Every structure is written in structure tokens, then in C-alpha cells.
Amino acid sequence: MSPDAKQELPALSSLSGLILTLTALSGELPTDQIMRLPSTPAYRMKVLKSLKSDGLLRTYYRDGLRGVRLTKQAKRRMIDCWPDLFCPVLAGNSATNAPKYTTPARLRLHRMAEVLVTMLNAGVPVYPWEKPDLFSPMPLNEPPHFECPTYYSSRELKRIGKQASEISSSRAVGILLTNEEMSVVYNTGAGRMKWSARSETRLVAMLQVDLCQARLPERFAGTKQNAILFGASMSQLPELAVQDSKQCPSVFSQERDFPHIYFLPNDRHGEVILRLLNDPCEKAKLDDLLGHGLSDPRPDQAVENDAMDGDTPVMFGYTCDVPRIKSFSNLLGLQDRAGILYCFDFQEDALRQICGQGIKIQCLDFETVKALLDDNAL
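In this text the structure is predicted, and so the values were computed from the model without any measurement.

Caption draft 1: Representation of the overall build of the protein. A tally of regular secondary structure across the protein gives 16 helices and 12 strands. Its C-alpha atoms give the protein a radius of gyration of 22 Å, near enough to 21 Å, the size a compact globule of 378 residues would have. Seen through its principal axes, the protein has C-alpha atoms that stretch 75 × 45 × 40 Å. In the protein, 64% of the contacts between residues at least 6 apart in sequence involve partners at least 24 apart. Only carbon and sulfur atoms are counted for the fraction: they give 51% of the accessible area of the protein, which is about 17,600 Å². The centroid of the 44 positive side-chain charges in the protein is displaced by 11 Å from the centroid of its 45 negative side-chain charges.

Caption draft 2: View of the environment of R76. One can find R76 in helix α5 (residues 72-81). Sequence separation between R76 and T368 is 292 residues; the distance between their C-alpha atoms is 46 Å.

Caption draft 3: Seen up close, the sheet that holds strand β6 (residues 182-187). If you trace the five strands from one edge of the open sheet to the other, you get β4-β5-β6-β7-β8, paired in mixed fashion. Two strands in the sheet have a free side with no partner beyond their single neighbour: β4 (150-153) and β8 (261-265). Across the sheet, the axes of successive neighbouring strands diverge by a mean angle of 25°, strand direction being ignored. As paired elements, strand β5 (residues 174-177) and β6 share four bridges and run antiparallel to each other. Pairing of L177 across the sheet is with M182, part of β6.

Caption draft 4: The nonpolar core, seen in detail. Counting residues in hydrophobic clusters, the biggest one holds 114 residues, and the most contacted among them are M119, Y151, Y186 and L237. In terms of residue count, the dominant contributor to this core is helix α2 (residues 15-26) (seven residues).

Caption draft 5: Expanded view of the packing of α5 against helix α6 (residues 83-90). Here α5 crosses α6 at 140°, and the two axes come no closer than 6 Å. The orientation of α5 with respect to α6, classified from their angle, is oblique. Judged by the twist between their axes, the crossing of α5 over α6 is left-handed. Residues K75, M78, I79, D80 and C81 of α5 lie in contact with α6, whose contacting residues are P83, F86, C87 and L90. Residue composition of the contact of α5 with α6, grouped by class: seven nonpolar, no polar and two charged.

Caption draft 6: Structural view of the packing of aromatic side chains. Enumeration over the complete set of coordinates arrives at 11 aromatic pairs. Between F316 and Y342, the ring centres sit 5.7 Å apart and the planes meet at 80°, which makes this aromatic pair edge-to-face. Of the two residues, F316 sits in strand β10 (residues 312-316) while Y342 sits in strand β11 (residues 339-344), which places them 26 residues apart along the sequence. Owing to a relative accessible area of 7%, F316 belongs among the buried residues under this scheme. Both rings, one in F344 and one in F366, keep their centres 5.6 Å apart while their planes meet at 80°; by these two values the pair is edge-to-face. Of this pair, F344 sits in strand β11 while F366 sits in helix α16 (residues 366-374); the two residues are 22 residues apart in sequence, bridging distant segments of the chain. Its end group placed over the ring of Y60, R69 keeps NZ or CZ at 4.6 Å from the ring centre.

Caption draft 7: Representation of the pairing of β8 in the model. Of all five residues in β8, five are buried, a share of seventy percent or more. Across the two faces of β8 the burial is the same, with I261, F263 and P265 and Y262 and L264 all buried. In this structure, strand β7 (residues 225-231) lies alongside β8, joined through five bridges in parallel fashion. Its bridge partner lying in β8, G231 is registered against P265.

Caption draft 8: Broad picture of the sheet that holds strand β2 (residues 57-62). Spatial ordering of the open sheet is given by β1-β3-β2, a layout of three strands whose pairing is antiparallel. The sheet terminates laterally at β1 (29-30) and β2, the two strands that pair on one side only. Sheet analysis places β1 next to strand β3 (residues 65-70), joined by two bridges and oriented antiparallel. Across the sheet, the residue bridging to L29 is V68, located in β3. Packing against the sheet, helix α7 (residues 103-121) makes contact with β1, β2 and β3, and its axis sits at approximately 75° to β3.

The rules behind these values
- Residues numbered from 1 in each chain as written.
- Predicted model: local features only at pLDDT ≥ 70, side-chain atom pairs only at ≥ 80, totals over all residues.
- Heavy atoms only, no water.
- Helix = DSSP H or I, 4+ residues; strand = E, 2+ residues; numbered from the N terminus.
- Rg over C-alpha atoms; globule rule 2.2 N^0.38 Å.
- Contact = heavy atoms within 4.5 Å.
- Areas by Shrake-Rupley, 256 points an atom, 1.4 Å probe, with all protein chains shown as cover.
- Lys, Arg positive; Asp, Glu negative; His and termini not counted.
- Charge placed at Lys NZ, Arg CZ, Asp CG, Glu CD.
- Pairing = 2+ DSSP bridges.
- Axes fitted to C-alpha atoms, helices over the stretch in contact; angles between N-to-C directions.
- Core = buried A, V, L, I, M, F, W, Y, C linked by side-chain atoms within 4.5 Å.
- Buried < 20%, exposed > 50% of the residue type's maximum accessible area, 1.4 Å probe, protein only.
- Parallel < 35°, antiparallel > 145°, perpendicular 65-115°, else oblique.
- Left-handed = near helix turned anticlockwise from the far one by under 90°.
- Nonpolar A, V, L, I, M, F, W, Y, C, P; charged D, E, K, R; others polar.
- Phe/Tyr/Trp six-rings, centres within 6.5 Å; stacked < 30°, edge-to-face > 60°.
- Lys NZ or Arg CZ within 6 Å of the ring centre and 35° of its normal.

Okay, here's the thing in C-alpha cells:
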């Protein structure tokens, strides 16, 4: 490939390169997700129009789903320019090179792409070439070093070898590894996922045996897995939180497998909460601010609490750990006691619907907390 030909494609560090890369990794990138990428709305639209006019992207619209896909020309040129990066995702009959056209298959691509954008905007590495090849079928020569929280998509996870057949029906879109925890990641989108508790239990068991005990025992041995459930908006939470395992099962029925299950919207709100979950020091600073004027938590209480306001238990619920919040509310209700729940203002309406009457909700201004986090002023 000549240097002149190589210059025909935009740099991967540019917005154009970012859109091409995310489309390559996704198979189909929902058009609305491009609007979440860093830049101004006018410039994003200009870049998208340019990529289409240059024959690198094409729009695919069907059954109410609109996305962009790479053209054959774009795939060929990206492989020629960066073979080490894009051959694994744009060669052969992979899901990203030959995406399917059925609505369920496209919804799956869109849900995976939404989480990629959220992770990227929260500062989490998502590109395969930026992180250790943790799920190679070959045994690891030495334990990989992780400098920051890292996200692996379900496609990367399923490269693990013959064990992948055991988790083929899982609804997980990936896993998030932090310095202290491992979280299985789901995305229900704007609807409700078809859910099989047995399939997700198999995934948890496989990760426990293969990842926690065989590949990374020094880091994750004995670690319980959590879950992060992304959705389109907080308004979905009351319906999703219903735990009727026969009529409408959901991830929230998996408390046995996941001690903590966080519900985050796939937008700027969810990105900020994800940053706090990934940075225990920043989260501890925010908790300290909230605890000013309150008493220390009392572990001797039957109700789990993060602080006490006199004899009233207080929970910092802004990470939206739904089982923990519901347990807090239910136990207080059984004891006919009051409690205080701190959450962000955009979470208030949804949490009021899943909490008992005795829970007083105190709201944090999201924009203020975001500004403090952006300025490292927490």
C-alpha cells in the first residue's frame, strides 16, 4: 500500500476515524449513537455526510432501525492500511464483517454498539488492540497487567475456545474488569430482553472457573461477579424491576449470581455513574460529601446502611444498585421504619416507584456532581 493511498483514509484519532472504527467493531452502528460522540452536532453531521459521499459508509434502514455499515471499499482499505487492527474484525464471515439482516440480530448489534459508545465516553478502553488478549484460546504465558478498567465485548469473550459453546445463548454484551470487581454487562435497549436464568448462570460459572480460577487467580480468585444492566432511560426501571420469574423474568431475578446489579441509562447520565463505579476513590469522595452532618454507618442494624441520620438509616443509592435499594426499602417496610435514600435528580421518579412509602428521597444535582468530577474537584 503506497503512502499516498494510505492518506486517503482519515486518521483513526479523528472523528471520522472514530466513526469508522466503531462501525467496524459493531458491524452496524446506530445512527443516533453517532450523536453521542465527542464534537458539536453540526460537525458530527458534516463528518457523517462526508464519509457517505466518500463511499466509506452506507445507511441501512429497515423495520424502524437505522444504522450505518461499512462499504466493501471501506473494509478493504481499512484492512490494507491497518491489517493488524482490522483483519480480525473485517475478514472472513465474522458478525462484524457479514452482519445479519433480521430484526433480532440487528437489535443485538445495536445494543452492543450502544455499550461500546458508553464505555468509550466513560474513558474505558474498548479497542481490542488497546488491551491484553485475555480470552485467547491458548493459555496465557503470564498474567496480563491492567492499568485501568477494561471492557471486553461478548465477541471477544467467545474466542475463549470450546467453552464458548456453553454460553452461546447468554444475553450478555460483554464484561467489565476493574481493579476490584468483575461485572457482566447487559443492555436491554428500549425494550425488554428475552431472558434465560439458566444461560446466565452458566456464564457466571464459566467465568468463575476459567477467568477467576484459571487465567487470573491472583486478581479475581474468590471475587463475586456483579452485573450492569444498561437501558434506554430510567423510565424503564419500574417495569424491569418486577421479579416475576415466570411471567417476566429479568436480570434482577439473578441476585443469587449477582450480589450487585446496577441499572444505568445509555446516555451521559450512565457514563458519569460508570465513571464513579470504575473509580472507588472518586466514589468515596462523593460519599464523604454526602455523609457530612450524618453519623457513621451502623453495621449492627438489620437494614444495610451507608450512614445514619439519628436512628434513621441512610443509603447512598445514586449508583442504582437495584437489589440493594429494594432490600433497603423492603426491610424498612417490614419494620415500619423510615429511611433516607440519596440519588441523582434524574433517577428520582423511577426510584419512587420501586421504593416504599417510608423512604424519603434526597436528590443530588447531576450537573453539579458531573462538573466536580470533570474538574477533579470531588
